[in-house]
Amino acid sequence: MTRTGGRSWIVSAWSTSMLLQCAAFGALTAVLITAMSPITSSIALASPVAYSLVGSISSLGPLIAARWLRAPGSLLITALVAGLLAMPFTALGFLILVALGLPALAGELVLLASSFSTRPREASWYAAAATLALVLFAISLVVIDPAVMSPWVVILTLGGRMLSILLLAAVAVRVEKALTRSGLRRRPVGGGTL
């Protein structure tokens, strides 16, 4: 086997491993979304502010995957897998791909940009989470009933999204540490962004 062929095989194996792990985190996220769907749908109708706190749970799996894998694309791939699997079981249908994919893409872009930065990695992680929350907030503005729209609802919804996503980002850090302490080892990945 040539040197190039060997490297190609390693990259291929890493890609398969990363995709399988993203799929696993995505499947767990889809189960969580499906299980929470009746509750989150009721909360969304009752209060956009309360929904901003509870509805963000769908970002937990992609955040954990991104933190654990530390590989470009893991946040977005996990979110898209979760959306595809949850699509038939949620009221959003196809729109769940947009609701999960756009925020994940925004967070992914911040993580990629931060790989060229001299900022501490933890700051980059939370900046990516805050960007994800901001895009989720922008999406939620589109669906808030105009009858309940007020400056306070907008401000509290933004605050709810930021708070919930930053808390989930902190949970992802703790899960990563717990997985590491339990003896699980991640495959070394070149070009990790966290």
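Computed from a predicted model, the values in this text were never measured in an experiment.

Asker: Can you walk me through helix 7 (residues 151-181) in this structure?
Answerer: Every α-helical turn comprises 3.6 residues, leaving residues that sit three or four positions apart pointing alike. Between the first and last C-alpha of helix 7 there are 45 Å, a value that for 31 residues agrees with the 45 Å anticipated at 1.5 Å per step. Taken together, the buried positions of helix 7 are Val153, Thr157, Gly160, Arg161, Ser164, Ile165, Leu168, Ala169, Ala172, Val173 and Glu176. Check the buried side of helix 7 and you find it contacts helix 2 (48-54), helix 3 (60-69) and helix 6 (121-143). Positive phi appears at Gly183, one or two residues downstream of helix 7, with a value of about 105 degrees.

Asker: Explain the confidence of the model for the protein here, please?
Answerer: Note: predicted coordinates in regions of low pLDDT should not be interpreted at a detailed level. Predicted confidence across the protein gives a mean pLDDT of 85, with 85% of residues reaching 70 or more. Counted against residues more than four places away or in other chains, residues 9-13, with its pLDDT under 50, gives zero contacts. Confidence drops under pLDDT 50 across residues 188-193; counting only partners more than four residues distant or on other chains, this segment forms 13 contacts.

Asker: Any chance you could explain the packing of helix 5 (residues 95-114) against helix 6 here in plain terms?
Answerer: Two numbers describe how helix 5 lies on helix 6: the axes approach to 8 Å, and their chain directions differ by 150 degrees. Considering their axes alone, helix 5 and helix 6 lie roughly antiparallel with respect to each other. Judged by the sense of rotation from one axis to the other, the crossing of helix 5 with helix 6 is right-handed. Contact residues: Val98, Ala99, Leu102, Pro103, Ala104, Ala106, Gly107, Val110, Leu111 and Ser114 in helix 5; Ser124, Trp125, Ala127, Ala128, Thr131, Leu132, Val135, Leu136 and Ile139 in helix 6. Of the residues that constitute the contact of helix 5 with helix 6, the class distribution is 15 nonpolar, four polar and no charged.

Asker: Which parts of the structure should I look at to understand unusual backbone geometry?
Answerer: A negative phi angle is the norm for most residues apart from glycine, just as the trans form is the norm for most peptide bonds. The backbone phi angle of Arg70 is positive, close to 50 degrees, even though this residue is not glycine. Tracing the sequence through the fold places Arg70 in the loop between helix 3 and helix 4 (74-86).

Asker: How do you make sense of the packing of aromatic side chains when you look at a structure like this?
Answerer: Aromatic ring pairs are reported here in terms of the distance separating the ring centres and the angle at which the planes meet. Enumeration according to the criterion identifies zero aromatic pairs in this entry. In this arrangement the basic side chain of Arg67 is found over the ring face of Trp125, its NZ or CZ atom lying 5.3 Å from the centre.

The rules we used
- Residues numbered from 1 in each chain as written.
- Predicted model: local features only at pLDDT ≥ 70, side-chain atom pairs only at ≥ 80, totals over all residues.
- Heavy atoms only, no water.
- Helix = DSSP H or I, 4+ residues; strand = E, 2+ residues; numbered from the N terminus.
- Expected span 1.5 Å × (residues − 1).
- Buried < 20%, exposed > 50% of the residue type's maximum accessible area, 1.4 Å probe, protein only.
- Contact = heavy atoms within 4.5 Å.
- pLDDT = per-residue confidence, 0-100.
- Axes fitted to C-alpha atoms, helices over the stretch in contact; angles between N-to-C directions.
- Parallel < 35°, antiparallel > 145°, perpendicular 65-115°, else oblique.
- Left-handed = near helix turned anticlockwise from the far one by under 90°.
- Nonpolar A, V, L, I, M, F, W, Y, C, P; charged D, E, K, R; others polar.
- Phe/Tyr/Trp six-rings, centres within 6.5 Å; stacked < 30°, edge-to-face > 60°.
- Lys NZ or Arg CZ within 6 Å of the ring centre and 35° of its normal.

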